[in-house]
Amino acid sequence: MNDLLDQDYSLKLAKKHVEEYSKQDSIKALHNEAMECRDCEDWLEIGLEAFRWLKQADQTIRQAAVEGFAVSSSAPNSIATLYRAWLRPCDRAEGLAKEQIGRGFRLKNLTEFREACEFVRQQVRIIDLEDALDEAQQGEVFDEVFWQRAALKRSDQSDSSR
Amino acid sequence: MELRIQEYSADLLSQIQSFECGTDDWCRHAERWIKSAPPFRGAIESIETHGNKVWLYFVDVDVFDEKYLVGFSSLGKVKWKIPPPDGLEREAAFIPMLAVSLRFQGKPEGENTKHYSDEIMEHVIRVAREQGHRELCLYVHEDNARARRKYEKHGFSVLGSKNSKGNLAMLKVLDNQLSEGGQPSALESGPRLGDAAAL
Ligand SMILES: CC(C)(COP(=O)(O)OP(=O)(O)OC[C@H]1O[C@@H](n2cnc3c(N)ncnc32)[C@H](O)[C@@H]1OP(=O)(O)O)[C@@H](O)C(=O)NCCC(=O)NCCS
């Protein structure tokens, strides 16, 4: 239950749910004023549903890689793109949730939603660190200035050891 | 207790899946790096694409016939042209990633006791020297004070400003087997680790 077809299917499902969550973002942007507490909860739920599918797809594909199954080389990129896409509507969702709280309502899925946001933000920060490591490995972190300073340090050090 | 070194490869992936070294972003990054199989960007991919070496360090407890994974380190190289893009090609050793399991951080305890992390650092530095490199560099997140402290203790200094991701480039000059200040470092001239066969 971990072959390329299954992985592809889990990614497609995640993508569909993330798109649905994002689509609601534009609708909510238009109807901000008329937002009811129930609408807000529903939207957070769509976000949470997308989050669960996305996390599941990520885990399915990572597990497949560890177990030695073939994994499409584009899968990590797709997951990274979906995590970033999932985060996009979150600020508006959080803003609307705060408005509801300000009106005295309690949103039953807000805590879970905030935890999901924190989880995805960390995933994106880790992906950024992975990008940075790639850049470093390709010599981009260690630039010309770095090597000039290295040369200076080298000569300082050989002077002091004489 | 002596550390035993084992060179890392894809068939050890399942043994490392429970490795944990903390909750900060750089800890999660390190965990993901060592656990990742291709095509994810991680240790195995770095071995296969960049020719990096990755080592696991264990302590063996004979009484219980058990082994514990203490941590891992890695070594590769970076190339740079001075002046870019067509200048002289320079090459330096590079530590892509290094981490110690939460359980073994700051251990063994005791005054004047070398921590496992120091032994791991010494091992990587020694291999970089043996490979004939004159410089060893790495990058570290600016907020990762613990790692920065460790690297400074082993003679690294910050030479590069942070890039967009908040990382600092650090360097140690490996000339003449001398550490900072021109004296051979006590840390680096200590006894070799338990089993250097994997080198
Ligand atoms: C970085 C790491 C390898 C260091 O190993 P360690 O065994 O934990 O290191 P130590 O306990 O010897 O601590 C190193 C130094 O930091 C100090 N220190 C500990 N916690 C600290 C903190 N929160 N802030 C600042 N310094 C701290 C220690 O006092 C020690 O300094 P000293 O030698 O002057 O006493 C280990 O913590 C680790 O694996 N961290 C997670 C992964 C990581 O960050 N890897 C590096 C990626 S570049």
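What you see is a predicted model; the values in this text were computed from it and never measured.

(A) Structural detail: the confidence of the model for chain A. Taken residue by residue, chain A gives an average pLDDT of 87. The fraction at 70 or more is 91%. The least confident element of chain A, judged by mean pLDDT, is helix H6 (residues 144-161) of chain A at 79; the most confident is helix H3 (residues 75-87) of chain A at 96.

(B) Seen up close, the interface of chain A and chain B. Taken together, the 38 residues of chain A in the interface contact 52 residues of chain B. Taken over both partners, the interface formed by chain A and chain B buries close to 4,300 Å², and the fraction arising from carbon and sulfur atoms is 60%. On the chain A side of the contact with chain B, A:Gln137, A:Trp147 and A:Arg154 bury the most area, a combined 20% of that side's loss. Our count for the chain A to chain B interface comes out at six salt bridges. Its salt-bridge partner being A:Arg154, residue B:Glu135 comes within 2.9 Å of it at the nearest N-O pair. Inspection of the region where chain A meets chain B yields 17 residue pairs in polar contact (both at pLDDT 80 or more). If you list the elements that add at least two residues to the side of chain A that touches chain B, you get helix H2 (37-66), H3, helix H5 (110-137) and H6 of chain A. Counting residues per element, the side of chain A that touches chain B draws most heavily on H5(A), at 15 residues. Residues of the side of chain A that touches chain B, tallied by class, amount to 17 nonpolar, eight polar and 13 charged.

(C) Up close: the packing of aromatic side chains. Scanning the model with the defined rule gives 11 aromatic pairs over all chains in all. Measuring from centroid to centroid gives 5.4 Å for B:Phe19 and B:Phe72, while their planes differ by 65°, and the two rings are edge-to-face. Of this pair, B:Phe19 sits in the loop between strand S1 (4-7) and helix H1 (25-35) while B:Phe72 sits in strand S3 (residues 66-82), and the two are 53 residues apart along the sequence. Accessibility classification places B:Phe19 together with B:Phe72 in one group, the buried group. Ring centres of B:Tyr68 and B:Phe104 lie 6.4 Å apart, and the angle between their planes is 55°; on these two criteria the pair is classed as tilted. Linking B:Tyr68 in strand S3 with B:Phe104 in the loop between strand S5 (99-100) and helix H3 (116-130), this pair joins segments that are 36 residues apart in sequence. Through a chain of ring-to-ring contacts, three or more aromatic side chains come together here, namely A:Tyr21, A:Trp43, A:Phe51, A:Trp86, A:Phe113 and A:Phe119. A cation sits over an aromatic face here: A:Lys55 above A:Phe119, 4.8 Å from the ring centre.

(D) Inspection of the confidence of the model for chain B at higher detail. Residues and elements named next belong to chain B. Mean pLDDT for chain B: 85, with 82% of residues reaching 70 or above. In this model, residues 178-187 is a region of pLDDT below 50 whose contacts with residues beyond four sequence positions or in other chains number 20 contacts. Contacts of residues 194-199 to residues separated by more than four positions or lying in other chains number 14 contacts, the stretch itself having pLDDT below 50. Across the assembled chains, the prediction reports ipTM 0.86 with pTM 0.88.

(E) View of the nonpolar core. Residues A:Trp86, A:Phe142, A:Trp147, B:Tyr8 and B:Ile34 are the most contacted members of the largest nonpolar core, which totals 75 residues. Ranked by residue count, the leading element in this core is H2(A), at 12 residues. Ignoring sequence-local partners within four residues, the contact set of B:Tyr8 consists of B:Leu13, B:Ile16, B:Ile34, B:Ala43, B:Ile44, B:Ile47, B:Val54, B:Trp55 and B:Leu56. Counting 28 residues, the second largest nonpolar core, distinct from the first, contains B:Val100, B:Tyr116, B:Ile120 and B:Ala147.

(F) View of unusual backbone geometry. Residue and element names in this part refer to chain B. For the bond running from proline 38 to proline 39, omega is 10°, close enough to zero to count as cis. Within the secondary structure layout, proline 39 lies in the loop between H1 and helix H2 (43-50). Note the cis peptide between lysine 107 and proline 108, where omega equals -10°. Mapping proline 108 onto the fold places it in the loop between S5 and H3.

Rules behind the numbers
Residues numbered from 1 in each chain as written. Chains lettered and ligands numbered in written order. Predicted model: local features only at pLDDT ≥ 70, side-chain atom pairs only at ≥ 80, totals over all residues. Heavy atoms only, no water. pLDDT = per-residue confidence, 0-100. Helix = DSSP H or I, 4+ residues; strand = E, 2+ residues; numbered from the N terminus. Contact = heavy atoms within 4.5 Å. Buried area = accessible area lost by both parts, 1.4 Å probe. Salt bridge = Lys/Arg side-chain N within 4 Å of Asp/Glu carboxyl O. Polar contact = N/O pair within 3.5 Å; in protein donor to acceptor, adjacent residues only side chain to side chain. Nonpolar A, V, L, I, M, F, W, Y, C, P; charged D, E, K, R; others polar. Phe/Tyr/Trp six-rings, centres within 6.5 Å; stacked < 30°, edge-to-face > 60°. Buried < 20%, exposed > 50% of the residue type's maximum accessible area, 1.4 Å probe, protein only. Lys NZ or Arg CZ within 6 Å of the ring centre and 35° of its normal. Core = buried A, V, L, I, M, F, W, Y, C linked by side-chain atoms within 4.5 Å.

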